[in-house]
Amino acid sequence: MSSVKDRERAASLERIRRRMGQTSPTAPSPTPTGASIKRKHTVDALEEIFQHIERNQQKYIDVLAEAVAIPGVSAEPARRDDVIRTVHYAEKFCKRLGASTRLCELGVQKIGDQTVPLPPVCLAQFGNDPSKKTVMIYAHLDVQPAKKSDGWNTEPFVLTEIDGKLYGRGSTDDKGPAVGWLCCIESYQKVGEPLPVNIRFVFEGMEESGSVGLAELVRSLAVRGGYLDPKVIDFCCISDNYFLGKTKPCLTHGLRGNCYFHLSVQSSTKDLHSGVIGGSVHESMIDLVKLLSTLVDSHGNILIEGIHNNVREVTPQELALYETMDFDLGQYHEDAGVNGVSDSLLYKSKAEILMHRWRFPTCTIHGIEGAFDGVGSKTVIPRKVVGKFSLRIVPDQTPLEIEALVRKHLEKEWLKIKSPNKVELRMDKASLPWICEPTSPNFVAARKAIVRVHGVEPDLTREGGSIPITLVFQECTKSDVVLLPVGACDDMAHSQNEKLDRKNFVNGMKTFAAYMAELSKVEGGAAASQAPVASQRA
């Protein structure tokens, strides 16, 4: 049954036809040539687009190489200009394809003693046809830090193909999908096929550093007549996650949130010599290591009291789903790199592993700032050390709840140590978990697109990682969000030797093309059904 919004679009389209002298949808145009031709997005039309993508795959890989070559690491102030350059690169690309664009400035950011500009957010709009559905597509253009000396086999900012794998920082997270979307649009244009939906892109440059400023911008745009007006946006799509396995595609309907903490201990105003001074002062590193050891044990059990209070119960229906998913436990041992080291995982069964990756909270200790980590030996007592740790959180946990539990736990443990040193806990960044039911028209369209390209039904998965802006988009646009991954589980995002398989890059572009065609066919959208208004263009 069509929604109110569909009926309003039909009425609007009929008014346009009357002005053009057409009496019905089947009445021929007096001049069926040029831009007025609107072909149906049939299997044959899609096949033509698929063939164009196949023929031009090397060209599109070269475009991805251009994007990878810009070392836009948002976490490093010295590379902030490169992040900004990446956003401008995307804007120029969109303009070249005919989009109307706008750069939204977000101000500045304080990092330590430095003040650096936040990269702008690029809004790029393709089409404003009231008779078509509108999809908002989000991607991020910043990347994680990377150096050859970290253990990369190739230069991280030089896209290098080896055995059909495209190695480079950002190749899969998230420049590959971002470039894939734009190359998909170009493919529609090159074969003379009009886009079946209107598209509104949101490209940001701070996702790897907490999406600073983006939520506020999205809320300001999701107003009557705004770029993300809920009356206009029907669907939202994000491609910033990965297949469960190496070959079978999936659709993702849940994410964990993240609470990242800095725990500092200071024992002096200066670093000290361990031979001259050691044994006479309270050392900060000893205190910090003791505190960190109280958070989680070596079997993955979080030791913070009350941490599981608001975790949803596992239902028999959910438990049954894990058994049908395409997940090779033996291969996962290899992908996790434990073979020949520990030779074991924390859990034995497929269901246990997937649940602890997706639907249970975890605690990870990431590193210690201020400690000696260079080659060789250095006999120093650091004046101040900062432990970095995070908790991935799940429905129905909240960052405020987790911060309170962590603070209470560490205050109790600090009293046990009886140290006179100064201790401070700060939650550096936080994001909420997200989950939805994968049965909406958006998921139906994405599922059909995957079947069309890959020939298999996708697994319906959750994801252990965090995409902080997902819930904000869903709430602000009143539209459901589908996570439509391009990369495989072994792409090594955030790690050394990040890669994207050539075949997945190519099939990703085809899937995007089919997804747009399927969206144009579904009835209704998730947006609120209200009277149409003029919306703000990019």
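Here is a short report on the structure shown in this document. (Residues numbered from 1 in each chain as written. Predicted model: local features only at pLDDT ≥ 70, side-chain atom pairs only at ≥ 80, totals over all residues. Heavy atoms only, no water.)

1. A closer look at the sheet that holds strand β7 (residues 165–167)
Backbone-to-backbone hydrogen bonds join strands into a sheet, with any given pair of strands oriented parallel or antiparallel.
Argument step 1. Spatial ordering of the open sheet is given by β6-β7-β20, a layout of three strands whose pairing is antiparallel. The sheet terminates laterally at β6 (160–162) and β20 (499–501), the two strands that pair on one side only. Neighbour-to-neighbour, the strand axes of the sheet open up by a mean angle of 25 degrees, direction not taken into account.
Argument step 2. Looking at chain direction, β7 and β20 are connected through three bridges and run antiparallel. Bridge assignment links L166 to a residue of β20, and that residue is L500. (Pairing = 2+ DSSP bridges. Helix = DSSP H or I, 4+ residues; strand = E, 2+ residues; numbered from the N terminus. Axes fitted to C-alpha atoms, helices over the stretch in contact; angles between N-to-C directions.)

2. Quick notes on the packing of aromatic side chains
Argument step 1. All chains considered together, the criterion is met by ten aromatic pairs.
Argument step 2. For the ring pair F126 and F201, a centre distance of 5.9 Å and an interplane angle of 80 degrees mean the geometry is edge-to-face. With F126 in strand β4 (residues 121–126) and F201 in strand β8 (residues 198–204), this residue pair connects regions lying 75 residues apart in the sequence.
Argument step 3. Exposure remark for F126: the relative accessible area of 5% places this residue in the buried category.
Argument step 4. Judged by its relative accessible area of 0%, F201 is buried.
Argument step 5. Aromatic ring contacts, followed pair by pair, group F126, W181, F201, F203, F512 and Y515 into a single cluster.
Argument step 6. Taking NZ or CZ as reference, R200 lies 5.5 Å from the ring centre of Y227, over its face.
Argument step 7. The ring of F360 carries R359 above its face, with NZ or CZ at 5.0 Å from the centroid. (Phe/Tyr/Trp six-rings, centres within 6.5 Å; stacked < 30°, edge-to-face > 60°. Buried < 20%, exposed > 50% of the residue type's maximum accessible area, 1.4 Å probe, protein only. Lys NZ or Arg CZ within 6 Å of the ring centre and 35° of its normal.)

3. Remarks on the packing of helix α3 (residues 57–68) against helix α5 (residues 175–190)
Argument step 1. It is the contact of α3 with α5, at a shortest axis distance of 10 Å, that shows an interaxial angle of 140 degrees. In terms of orientation, α3 lies oblique with respect to α5. When you trace α3 past α5, the crossing you get is right-handed. Contacts between α3 and α5 involve K59, Y60, V63, L64, A67 and V68 from the first element and K175, G176, V179, C183, E186, S187 and K190 from the second. (Parallel < 35°, antiparallel > 145°, perpendicular 65-115°, else oblique. Left-handed = near helix turned anticlockwise from the far one by under 90°. Contact = heavy atoms within 4.5 Å.)

4. Some words on the environment of K510
Argument step 1. Along the chain, K510 turns up in helix α14 (residues 502–519).
Argument step 2. For K510 and C184, which are 326 residues apart along the polypeptide, the C-alpha to C-alpha distance reads 7.3 Å.
Argument step 3. Apart from the residues within four sequence positions on either side, K510 is in contact with F50, I53, E54 and V453.
Argument step 4. Looking at K510, its side chain comes within polar contact range of the side chain of E54, at 2.6 Å. (Polar contact = N/O pair within 3.5 Å; in protein donor to acceptor, adjacent residues only side chain to side chain.)

Worth remembering: the numbers are spatial, not functional.
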